[in-house]
Amino acid sequence: MNTLPLVLVSVLLYVAGAFASLLLASNERLGIRCAGLAGSAAALAGLAASAPALLSGQTLDFASSGPFPFARFVVHFDLLAALMVFVISLLALAASVYSLSYVREYEGRGAWAMGFFMNLFIASMLALVVVDNAFYFLIFFEMMSLASYFLVISEQSNEAVKAGFLYFLIAHAGSVLIMLAFFLLYQHSGSLDFASFRHLHLSTPLASAVFLLAFFGFGAKAGMVPLHGWLPRAHPAAPSHASAMMSGVMVKIGIFGIIRVGVDILGATTTWWGLLVLAIGGISAVLGVLYALAEHDIKRLLAYHSVENIGIILMGVGAGMVGMATHQPLLAVLGLLAGLYHLLNHAVFKGLLFLGAGSVVFRLHTKDMEKMGGLGRRMPLTALTFLIGAMAISALPPLNGFVSEWFTYQSLFTMSLQGSFLIRLAGPIVVVMLAITGALAVMCFVKVYGVSFSGAPRSPHAAEAREVPAPMIAGMALLALACIALGLGAALVAPVIAHIASQLAATGAIDVASQTLVYPGSATRTALSTPLVAILLAGGLLVTVVLGGLYREQRQKRRHGGDAWACGYAHDPRMVVSAGNFAKPLREMFAPLYRLRQQADPSPAMRHSLSWLTGAASWMEPRFDDNIVAPMLRGIHWLGRQVQRLQHGDFRIYCLYIVAALVILIVLTAA
Amino acid sequence: MQTMIFLAILQALVLLAVAPLFSGLSRVLRAKMHSRRGPGVLQDYRDLVKLLKRQDVATADSGPIFRVMPYVLFGSMLAIATVLPLVTTRSPLGAAGDLITVVYLFALSRFFFSLSGLDTGSTFGAIGASRELTLGVLVEPIMMLALFVAALIEGTTNLGGIGLGIATGHYVSPTAIALAGAAFGFAAFIEMGKMPFDLAEAEQELQEGPLTEYSGSALALLKWGLALKKLVVAQMFLGVFIPFGQASEMTAAALAFAAAVAAVKLLVVFLLSALVENSVARGRFMLTPKVTWIGFGVASLAFVFYLTGL
C-alpha cells in the first residue's frame, strides 16, 4: 500500500493549521482551536501513513526533479523514516490535543504565533525525516531550528531570549558541521542525493572525517555531552507542549541524523566510530542524570534527563555500530534495536512528563518544585499519569523504559562477549555507567514526584490547585497508555523495530521475540516476558492484600489525620525536606563531577567568544561608518549641491538647456 | 512447565512463611552477642500478629503512595522470590529470571519505598528516603558489575543460567568468579540493611526511615516485606554464586535434599552476616562511599581477572 500521499496530507495539514493560526491572530480562541485540531488531524494522518509501512516492512520512494536544477526532490520512506514519522505523529497528537486547553494560557501573549510556529515546527520535522536529498534535508533542518527558536523565545523574558540565543548559536554551529559533511560527500558523488552517497566507497580517513563532522553536528542537535549546554536552558523556556515536542522528538532528529549518516550512508565501517558513540553516550547518560538531580526547576530537570536518555540511546546505537564494523549481525541488530526502541520510548515518556510539568505550571505558574507539594491529591489524574511517566523513565519493570534498557544491556553484553580487548573492556564499563544512571534516575524521579506531588503544599498556589481541563488530561493519558502498551506489548513491538535495525545494518532477520517473550537472538541465552513480570507483581499484590486482610475485624478503622512525627516536637512545614536537601548527599559524594560542569561546559566560552565578536563588531561598525559610509554621503551631498546650481527656477534658462541639448544631439547624430 | 510454575509459587510462599523466622534469628543472635537474653526466635511472628490487629494511622498530608507502598514492596519481593533459583539450579520462571530484570525489580521496590517517605510529609521519612536511594546508587553498580562478570563467564545473563554454569564447574576464570562472588556478597550485605549501613533498631535515622509513619497492619506488612527482602537478597547471592546442592533434575529426593541444603546455606549466611554486623562500628553516613568503593574495587578486580583470563 502506498501511504506516501498520507505523509503529504499530514504535512499540508500542519501547514494549514499554522497559517490558520496566523490568520486568526485577532480571534485567538478560534486560532488555538484550528491549530490544535489541524495538528491532531495531521498527526492521525501521519500515524496512518507510518503504521502500515512499519508493519509491512515496505520501503516507498518518490522522486521529482523539483524547481532547482542542482537538487532533485527525492522522498525515501524507509523503515527508519517510518519510525520517525510514527514517533513525531504520536507525540504531535498528544501535544496538539493538549494544546487545545494549554495554549489558552497564552491568549493575548502571542498564542497565534505559538500555533503557527508549533505546526510549522512539526511539519518541517516530518518533511526532514522523509527527504533523501542533502539540500532539502538542510532546508527543513533549518526550518525546524528556526521554528523551535521562536518557540523558545515565545515567553519574551530576558532569560528566554538569552536561552534562545544560545540555542540559535549552537544549532547553527551544528548545521555548519552537517553542511561540511554533506559537502565532502557531494564532492565525491557529484550529486546531493543520499542515494548517491550510499554508493560511495570513501577512503577510511575521509569517511571518518565525514562521520565526525556529522556526529558532532547532529550531536549538537541531540544535546549530547559536551554540546548539551543549550538544552537545559532552551527546553524549559518553551511552552510545555513545545518542550514535549523538542525534548521528545527534536533531539531525536539528531539521533536520526547520526544513524542516517553513520549507519545508513557510511555503513559504520570503522570500529572506533561505534566506540566513540558509546563513550559519549555513557558520559552523557551519567552526567545528564547527575546534573538533573541538582535541579529544582522541574522543566530544567526534565531537560537534563533528555541529555541522559540521549546518552542511553547512543549506547545502543554505538553497540550496533561496533557490531556492524566487526561483522556481528546479532550485535548490530540488537544495538540498533535497543537504541531505536529507547528512542521511541523516550519520546513517549519524556513527552508525557513535559506535558505533566506543563499541567502543573498551568495551575501554579511556577516551575520551582519548592513551591509545589501535595499536588497528588489536588490533581489526581495529572499525578497518576506523571507517576507512570516517572516509573517508565526510571526503567521500572514492566513499563516501556525497562524493556529498551534491557535490550541495551543485552546488546552491551553481546558486545562484551567477544572481539578485541578494547571492545571487551568497553562493554562492562558502559554497563556500569548504565547501572549508575538507572539508580540515579530512580532517585531523581522519587525527588520530582515526592517534592511536587506528595506531602504538604509548599505554597498557597499549590494548596489551591485544581485538576487541569479534559483535553490536557487526554493528551497525557494517551502517552501514559502508550508507556504501558510499549512495555507490556514488547513482544509485538520488538520484532518491528528489529526489522528496521536489520534493514539499516543490512543483515538477515534476527529473531527477537515469540509469544510474550523477547530475547537477544535466541531464548536459550536469556529472555524477558513483561506480561509475566506484570502477572507476578499482580500476584504478589494479591497475596499482600489477602495477608493485610488478616484480623481485619479485630482492628479499628484506619485513621487519616494529624501531623507527621517530629521527635516529640511540634511538626512545622519548614522541617520538611526540600528538593535541594534531598539530593545533597549525592551532590557531596559526586562533587568533582559537578565542578566539571562549570569547567567543561563550552557554552560560557562560546558566549565569551561571542561577546568578543559582538564587541569587535561594535568597534568595527563606527569605523565602517566613518571611513566608508560617511565620505560617500558627503560626496553625494556635494554632488547634490552642484546639481542644484543648474536649477535657478528661471524658465528662460531651462529653455536654454533644451536648446543646448538639441544642438548637442544634432551635432552627435550628424557626426 | 507446570511443575515449575507450581515450584515457583511454592518457594515464594515458603520464603514468605519463614522470613520472620530468619529475622527473629537475627535478633536472637544480636542479643547473644550483646550478652542480652533477648526475645525468642518466634518473636517476629508474635509482633506481626499483634500489629495486624492494630489500627492504621496516616498523617494528614499522606496520599495514595503511602497507602500502596507496603503492597508494592511486598508484591515485588514475592515476584523476585518466585524467579530465584532456590532448590533448583535453574530459575523456576526463566522468563523473569534475568539478572537485569531482578535488579530492576529491586529498584521498583526502592522507588516506592523511598517515595512513601516523602509522601507523609515527615522529615525523618524524607531523609531516610534520600539515604536509601543514595545507598542504592552506591550499591547497584557493584551488584550489576559483579553479576555481569559472572554472566560474561557463563555466557548468559539469566540468574539460573549463571548458577548452573558455576554449579557444573564451568569456570573460565575461577579467581574472577570468586572475586565477583565476594563483591556481590558485599553488595547483598548492604542490601540486607545491615550495620554499618543501617541500624534497624533506630529506625528513623537511616535506611528504614520511611517506616517512621507506618503503624498497624501496614507496618506489619512492611516489616514482613523487609524480612522477606533480606531472605531474597541472601538467596540471590546463594543461588547464583554458591549454587551447590541445588537440584538439577526434578526428582523428589533431589528436591528434598536441595531444600535442606538451601535452609542450611541461608542459616550460615544469616549467622555470618550477624557476626559481621555486630562486630563493626557504625560510621557516618557521608563516609559510606569510602566503604562501598571497596566493593566496587573488588568487582572491578573480578572484571580485570576475567579480561586477562586468569
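Bear in mind that the values here come from a model prediction, so they are computed numbers and not experimental data.

Considering the overall build of chain A
- Looking only at helices and strands, chain A has 26 helices and 5 strands in total.
- Projected onto its principal axes, the C-alpha positions of chain A cover 125 × 65 × 50 Å.
- Expressed as a percentage of its 671 residues, the buried residues of chain A come to 57%.
- In chain A, of all internal contacts separated by at least 6 residues, the share reaching a separation of at least 24 is 80%.

Notes on the overall build of chain B
- Counting its secondary structure elements, chain B contains 10 helices and 1 strand.
- Walking chain B from its N terminus toward its C terminus, one meets helices and strands in the order α-α-β-α-α-α-α-α-α-α-α.
- Radius of gyration (C-alpha) of chain B: 19 Å, near the 19 Å computed for a compact globule of 310 residues.
- Taken over the C-alpha atoms alone, chain B extends approximately 55 × 45 × 40 Å along its principal axes.
- Put simply, chain B has 310 residues, and 64% of those count as buried.
- A separation threshold of at least 6 residues defines the contact pool for chain B, and within that pool the share at least 24 residues apart is 79%.

Description of the interface of chain B and chain A
- Taken together, the contact between chain B and chain A spans 71 residues of the former and 72 residues of the latter.
- At the level of elements, β1 (57-58), α3 (64-83), α4 (99-119), α5 (123-154), α8 (216-241) and α10 (288-308) of chain B are the ones that each hand at least two residues to the side of chain B that touches chain A.
- When residues in the side of chain B that touches chain A are grouped by element, the largest group, 17 residues, is from α5 of chain B.
- Pairing of strand β5 (residues 559-560) of chain A with β1 of chain B involves 2 bridges; the strand directions are parallel. Bridging across to β1 of chain B, arginine 559 of chain A finds its partner in valine 57 of chain B.

Re the domain arrangement of chain A
- Here chain A is partitioned into domain 1 (1-203 + 233-244) and domain 2 (622-670).
- Between the C-alpha centres of domain 1 of chain A and domain 2 of chain A there is a distance of 55 Å.

Considering α4 of chain B
Residue and element names in this part refer to chain B.
- Its 21 residues place the ends of α4 30 Å apart at the C-alpha level, agreeing with the 30 Å of an ideal helix rising 1.5 Å per residue.
- Counting buried positions over the 21 residues of α4 gives 21, a clear majority of the element.
- Looking at the residues trailing α4, positive phi occurs at glycine 121, about 80°.

Comments concerning unusual backbone geometry
Residue and element names in this part refer to chain A.
- A cis amide bond links valine 225 to the next residue, proline 226, at an omega of 5°.
- Structurally, proline 226 is set in the loop between α8 (204-222) and α9 (231-237).
- For the bond running from proline 397 to proline 398, omega is 0°, close enough to zero to count as cis.
- Positionally, proline 398 belongs in the loop between α15 (380-393) and α16 (400-417).
- Phi at glutamine 156 is positive, roughly 65°, even though this residue is not glycine.
- Along the chain, glutamine 156 turns up in the loop between α5 (134-152) and α6 (158-189).

Description of the nonpolar core
- If you look at the biggest cluster of nonpolar residues, it comprises 367 residues, and the most contacted ones within it are Leu337 of chain A together with Ala146, Val149 and Ala302 of chain B.
- When residues of this core are assigned to their parent elements, the largest contribution, 23 residues, is made by helix α13 (residues 329-364) of chain A.
- Beyond its immediate sequence surroundings of up to four residues, valine 149 of chain B is in contact with Ala176, Ala180, Ala302, Phe303 and Tyr306 of chain B.

Quick look at the environment of threonine 271 of chain A
Residues and elements named next belong to chain A.
- Considering the arrangement of structural elements, one finds threonine 271 in helix α11 (residues 271-293).
- As for threonine 271 and asparagine 27, which are separated by 244 residues in sequence, their C-alpha atoms are 57 Å apart.
- Beyond its immediate stretch of four places on either side in the chain, threonine 271 contacts Val322, Ala325 and Thr326.

Topic: the packing of helix α1 (residues 2-33) of chain B against helix α2 (residues 43-52) of chain B
Residue and element names in this part refer to chain B.
- Relative to each other, α1 and α2 sit at 120°, their axes nearing to 7 Å. As far as their axial angle goes, α2 and α1 are oblique. Contacts between α1 and α2 involve Pro20, Ser23, Gly24 and Arg27 from the first element and Gln43, Asp44, Tyr45 and Leu48 from the second.
- Grouping the constituent residues of the contact of α1 with α2 by class yields 3 nonpolar, 3 polar and 2 charged.

Things to note about the environment of serine 618 of chain A
- On the secondary structure map, serine 618 of chain A appears in helix α25 (residues 602-646).
- C-alpha of serine 618 of chain A to C-alpha of alanine 242 of chain A: the two residues are 376 residues apart in sequence and 35 Å apart in space.

Here's the deal with the confidence of the model for chain B
- For chain B, the mean per-residue pLDDT works out to 88, and 95% of the residues sit at or above 70.
- Confidence metrics for the complex model read pTM 0.90 and ipTM 0.94.

Reading the values: the criteria
- Residues numbered from 1 in each chain as written.
- Chains lettered and ligands numbered in written order.
- Predicted model: local features only at pLDDT ≥ 70, side-chain atom pairs only at ≥ 80, totals over all residues.
- Helix = DSSP H or I, 4+ residues; strand = E, 2+ residues; numbered from the N terminus.
- Buried ≥ 20, exposed ≤ 12 C-beta atoms within 10 Å, placed from the backbone.
- Contact = placed C-beta atoms within 7 Å.
- Rg over C-alpha atoms; globule rule 2.2 N^0.38 Å.
- Pairing = 2+ DSSP bridges.
- Domains from an automatic or database assignment.
- Expected span 1.5 Å × (residues − 1).
- Core = buried A, V, L, I, M, F, W, Y, C linked by C-beta atoms within 7 Å.
- Axes fitted to C-alpha atoms, helices over the stretch in contact; angles between N-to-C directions.
- Parallel < 35°, antiparallel > 145°, perpendicular 65-115°, else oblique.
- Nonpolar A, V, L, I, M, F, W, Y, C, P; charged D, E, K, R; others polar.
- pLDDT = per-residue confidence, 0-100.

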